[in-house]
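Spelled out, the chains give:
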Amino acid sequence: MTTSAHQAGTGAAPTLSGQLVDRVRHRLAATGAAVTPGAVAAAVRAESDGVLADLQVLSALRELQQELVGAGPLEGLLADPETTDVLVSAPDQVWVEQAGTLRRTEVRFADTDAVRRLAQRLALAAGRRLDDASPYVDAPLPGGVRLHAVLPPIATGCTCISLRVLRPATHGLDALQKVGSVSPEAGRLLRAIVTARLAFLVVGGTGSGKTTLLAALLGCVPAGERIVCVEEAPELAPRHPHVVRLATRQPNVEGAGEVTLRDLVRQALRMRPDRLVVGEVRGAEVCELLAALNTGHQGGAGTLHANSPAEVPARLEALAALGGMARHALHSQLAAAVHVVLHVVRRDGARVLAAVGVLHRDDDLVRVLPAWQDGCWGPGRDRLHELLGGVAC
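Residues numbered from 1 in each chain as written. Predicted model: local features only at pLDDT ≥ 70, side-chain atom pairs only at ≥ 80, totals over all residues. Heavy atoms only, no water.

Caption draft 1: Representation of helix H6 (residues 112–125). The end-to-end C-alpha distance of H6, which contains 14 residues, comes to 20 Å, matching closely the 20 Å that a straight helix rising 1.5 Å per residue would cover. Along H6, the positions that sit buried rather than exposed are Ala-114, Val-115, Arg-117, Leu-118, Ala-119, Arg-121, Leu-122 and Ala-123. Where H6 ends, the next residue or the one after it, Gly-127, has phi of about 75°, a positive value. (Helix = DSSP H or I, 4+ residues; strand = E, 2+ residues; numbered from the N terminus. Expected span 1.5 Å × (residues − 1). Buried < 20%, exposed > 50% of the residue type's maximum accessible area, 1.4 Å probe, protein only.)

Caption draft 2: Highlighting the side chain of Arg-275. Along the chain, Arg-275 falls in strand E10 (residues 275–278). Excluding residues that lie within four positions of it along the chain, Arg-275 makes contacts with Val-194, Arg-197, Val-221, Pro-222, Glu-225, Arg-226, Ile-227, Val-228, Gln-298 and Gly-299. (Contact = heavy atoms within 4.5 Å.)

Caption draft 3: Spatial organisation of the pattern of salt bridges. Applying the stated criterion across every chain, the model contains 17 salt bridges. Between Arg-129 and Asp-131 there is a salt bridge, with the nearest N and O atoms lying 2.9 Å from each other. By relative accessible area, which is 39% here, Arg-129 ends up partly exposed. When its relative accessible area of 23% is taken as the criterion, Asp-131 is described as partly exposed. Of the charged contacts in the structure, one is a salt bridge between Glu-288 and Arg-266, with a shortest N-O distance of 3.2 Å. Remark: Arg-266 occurs in helix H10 (residues 261–268) and Glu-288 occurs in helix H11 (residues 285–293); sequence separation between them is 22 residues. Taking the relative accessible area as the measure of exposure, Arg-266 reaches 36% and is therefore partly exposed. One continuous salt-bridge network, built from bridges that share partners, spans Asp-138, Arg-146, Glu-232 and Arg-282. (Salt bridge = Lys/Arg side-chain N within 4 Å of Asp/Glu carboxyl O.)

Caption draft 4: Broad picture of the state of the cysteines. In the structure shown here, the tally under the stated rule is 0 disulfides. Free cysteine Cys-158: the closest other cysteine sulfur is in Cys-160, separated by 6.5 Å. (Disulfide = S-S within 2.5 Å.)

Caption draft 5: Representation of the packing of H11 against helix H13 (residues 327–337) within the structure. Where H11 contacts H13, the two axes come as close as 8 Å, and the packing angle between them is 45°. Classified by the angle their axes make, H11 and H13 are oblique. For the element pair H11 and H13, the recorded crossing hand is left-handed. Note on element contacts: H13 touches H11 through Leu-330, Gln-333, Leu-334 and Ala-337, opposite Leu-290, Ala-291 and Leu-293. Tallied by class, residues from the contact of H11 with H13 come to 6 nonpolar, 1 polar and no charged. (Axes fitted to C-alpha atoms, helices over the stretch in contact; angles between N-to-C directions. Parallel < 35°, antiparallel > 145°, perpendicular 65-115°, else oblique. Left-handed = near helix turned anticlockwise from the far one by under 90°. Nonpolar A, V, L, I, M, F, W, Y, C, P; charged D, E, K, R; others polar.)

The structure is reproduced here in structure tokens:
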């Protein structure tokens, strides 16, 4: 929605009141008419008793189209190919992340009620409810955007909206090398890991490029192999001729119909995968994934939130506990199932491969040995050389 200050400076009509917006919305819903410019204009004139001039109607029409269609005033930000996140914390505080930099925009909402209406409409588009009884929502929207919203009083002062743009990860490894995300030396190492069918996890923080690197590596898989990808939101789109993509489903407003990652991993095992991939390991599905990688499914992969390779075993312990797997069992499964950990980070807005580690079992526990980090070899190099079948590294 355009700002009141801007409209006042240009002589345009003031923004519509929330009451008029609601009345127009209810009129359109009651008639069942399509939300066309003509229908909206007629509804505005009817609900304003015909006292608005033509210029005011045009201004009202623009505002209502933003209120009733798409992401409203955020639509332009989401359409920008550089945008990764759009964040709203107050009517006059709309932030956007582009090229790794977060900045405040000039986009404004009329008031806190306008922010709340947008959040509730987006939740409805995702098939979820957002009200006082259910004050927060986390769900995918049509078109590849993930919505998170929190209503007051959980969010102090104003409804908070977070929109993450889930752009398909299609870059190949060559493209990542050209932009400097992967060094030539690391590129050769990554190709050797895929060729040797080693199971690996790509780890890092939010927005560090985990999914992008995973998709690039899947593009290196031989064309004769079948890849089955399981994700919470469909992001992986590797350049490979034989990819099957499965995505979870949220429960409907009655709480029925949910399909979890754990459900999908079980189904994927029956689809003859040569490579089983979990887009993000974040819960009890780690139990099924480790079991699958221990029963002949070589070359599997996934991503995991972790601050460093050394923290991966502890992170997996916590997730496995959600599935009822004891610590000792987790380490036994992990030692046989996963070979390599790839760590990606953000540096000065760029996403880069920072380290490669190998899993090593020490007594009953598994730890990650650094094999390569920022161009320097570490103590895990010999173990990695062994896993690669003697390929020079």
